[in-house]
Amino acid sequence: MEICPPLHLCHVSKTSIFINRLHGLLHSIAIAFLIYYRASFLFQKPQTKATVPMLLWLLVFVAELLLSFIWLIGQAYHWHPVSRTVFPERLPEDDKLPAIDVFICTVDPNKEPTLEVMNTVLSAMALDYPTEKLNLYLSDDGGAAVTLHGMKEAWRFAKSWLPFCKKYGIKTRCPKAYFSATSKDDDNDDSFGSSNEFRADRQLIQEKYADFKERVMRFREDFVLEEKKSDITGRDHPALIEVIQDNSNEEAPKDEANEMPLLVYVSREKRPSHPHHFKAGALNVLLRVSGVISNSPHILVLDCDMYCNDPTSARQAMCFFFDPNISSSLAFVQFPQRFHNISKHDIYDSQLRSTFGILWQGLDGLKGPVLSGTGFYIKRNSLYGDSVQKGCNLLELRDTFGLSNEFVNSIRQNYKADPRSYGSVSSMLLQETRILASCDYPRHTKWGEEACFLYHSVAEDFFTGFILHCKG
């Protein structure tokens, strides 16, 4: 029997572990001596204790005990750190890879500029993954017309941007980062920098990107004037779901449309009298809407200002999900966050290097890191909780997830939509998605209580991640 090579390797640095544990031991000894010194003072003669204010001594002692306890808990990060190497080239053929739904959340175009959000959308659309298995959903909690228009303009620009990235193997697939003065794309500089064809294509794409920015910004200026006249606000508006399609009359190669991922705009209903549970509520709406449209088994969650700086991240994540040794107990794969335009003298660690370079690797050596809000691939079924894993009947599923038969069937894997056939997204299906995105749908269900992204905290990522760890 032929043994398949591993899709990933876990590296344990014994030297680092020895140094970390030795440092912890020495530090613990020093703390023990300090606590002994503080405690022994309490048993000295009254004449000796009278020379020092007892209240201040006790306050210092309590503070040192508390800080020592915090330090002791933090040693878990250094106990068994690991690093990992993946081999995406060993994955099966593209036709055997599972589909992925991408969730991106935005709230207010005034605080989160539409152009920045669309750059994140474009970077996700350009992932190095089969386009027919890539579906993007943008949640717009503000219900802003400028965001919907930006989606349509992004789709229009993506028809040129995606083929360009694939043709030349572009590594930086966020247009803003790629065309910025500080961007350095090694593939372009080394492989195609001297090619006349590449330079001509790059110049053409840069001009199209400039036109794309101008159209978005011009609509933004008009939107500010219209917004003041509208009765619809970010906190009070109906649900709107729209599948972005090419309605322009521009001539394009016939096969270009087939190379575009599915792009869906989702604005859930918001009313002042209903709680909306911030980002967790928005993600749960995307979970319901995508369940009846594409129902992909894996989900990528991105913040609107966190673009995909590595187009191979989806394939890297699949190296873990396809591993038979860990797949059954694996819920999500967390990628580190990287920040740009940070001060060279980053004395406050604004890049969070210690978090993702030390703490999260230490957690990975134990039971894995927690969800970090963005940049993670997660199994859809892991969010549905015990109801699916235990094989509950139809009535129990409806009590947990609501009365939508289409969505309940998607949970039971009895519902398969074909999002590639855009004409098949009927008005009846879109009406069902509006019901799923309404304020009343999750009432008297277990959404956010026992299943899916959990409520009761603005840090829905940590809370949900902790619960997933508790469930094994």
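In the block above lies the structure referred to throughout.
Treat the numbers as computed from the prediction; the structure is a model and nothing was measured.

Can you help me understand the pairing of strand 6 (residues 262-267) in this one?
Working note: regular strand, side chains alternate between the two faces of the sheet. In terms of burial, strand 6 is a largely internal element, 6 of the 6 residues being buried. The pairing of strand 4 (residues 134-140) with strand 6 spans 5 bridges and is classified as parallel. Of the residues in strand 6, the one forming a bridge with Tyr137 is Val264. Bridge count between strand 5 (residues 240-243) and strand 6: 4 bridges; the pairing is antiparallel. Each residue of the ladder has a partner; that of Val243, found in strand 6, is Val264.

Hey, could you run me through helix 5 (residues 114-125) in this one?
Residue pairs three or four apart in sequence face the same way in an α-helix, which turns once every 3.6 residues. If you check helix 5, its first and last C-alpha atoms are 16 Å apart, about what 12 residues at 1.5 Å a residue would give, namely 16 Å. Among the 12 residues in helix 5, 11 count as buried, and that is most of the element. Every buried residue of helix 5 is listed here: Thr114, Leu115, Val117, Met118, Asn119, Thr120, Val121, Leu122, Ser123, Ala124 and Met125.

Where do I start with the sheet that holds strand 6 in this structure?
Whenever strands of a sheet pair, they do so through backbone hydrogen bonds, lying parallel or antiparallel. Spatial strand order, 5-6-4-3-7-9-8: 7 strands in an open sheet with mixed pairing. Every other strand in the sheet has two partners, leaving strand 5 and strand 8 (332-334) as the edge strands with one partner each. On average, each strand axis in the sheet is tilted by 20° relative to the strand beside it, whichever way the strands run. Where strand 3 (residues 100-106) meets strand 4, 7 bridges bridge the pair, whose relative direction is parallel.

Can you walk me through the nonpolar core in this structure?
Soluble globular proteins tend to pack their nonpolar side chains together in the buried interior. Of all hydrophobic cores here, the largest spans 57 residues; its most connected members are Ile100, Val102, Met125, Trp161, Phe212 and Tyr377. The dominant element in this core, judged by the number of residues it contributes, is helix 6 (residues 145-168), at 11 residues. Within the second largest apolar cluster, 43 residues are counted, among which are Val266, Ile411, Tyr441 and Phe453.

Even after reading the chapter, I still don't get helix 18 (residues 460-470), so can you show me in this structure?
Those residues of helix 18 lying buried are Glu460, Asp461, Thr464, Gly465 and Leu468. Taken down its axis, helix 18 places every buried residue within 125° of arc, on the same side. Check the buried side of helix 18 and you find it contacts helix 10 (278-293), strand 8, strand 9 (376-379) and helix 13 (380-384).

What counts and what doesn't
Residues numbered from 1 in each chain as written. Predicted model: local features only at pLDDT ≥ 70, side-chain atom pairs only at ≥ 80, totals over all residues. Heavy atoms only, no water. Buried < 20%, exposed > 50% of the residue type's maximum accessible area, 1.4 Å probe, protein only. Helix = DSSP H or I, 4+ residues; strand = E, 2+ residues; numbered from the N terminus. Pairing = 2+ DSSP bridges. Expected span 1.5 Å × (residues − 1). Axes fitted to C-alpha atoms, helices over the stretch in contact; angles between N-to-C directions. Core = buried A, V, L, I, M, F, W, Y, C linked by side-chain atoms within 4.5 Å. Arc of directions from axis to C-beta. Contact = heavy atoms within 4.5 Å.

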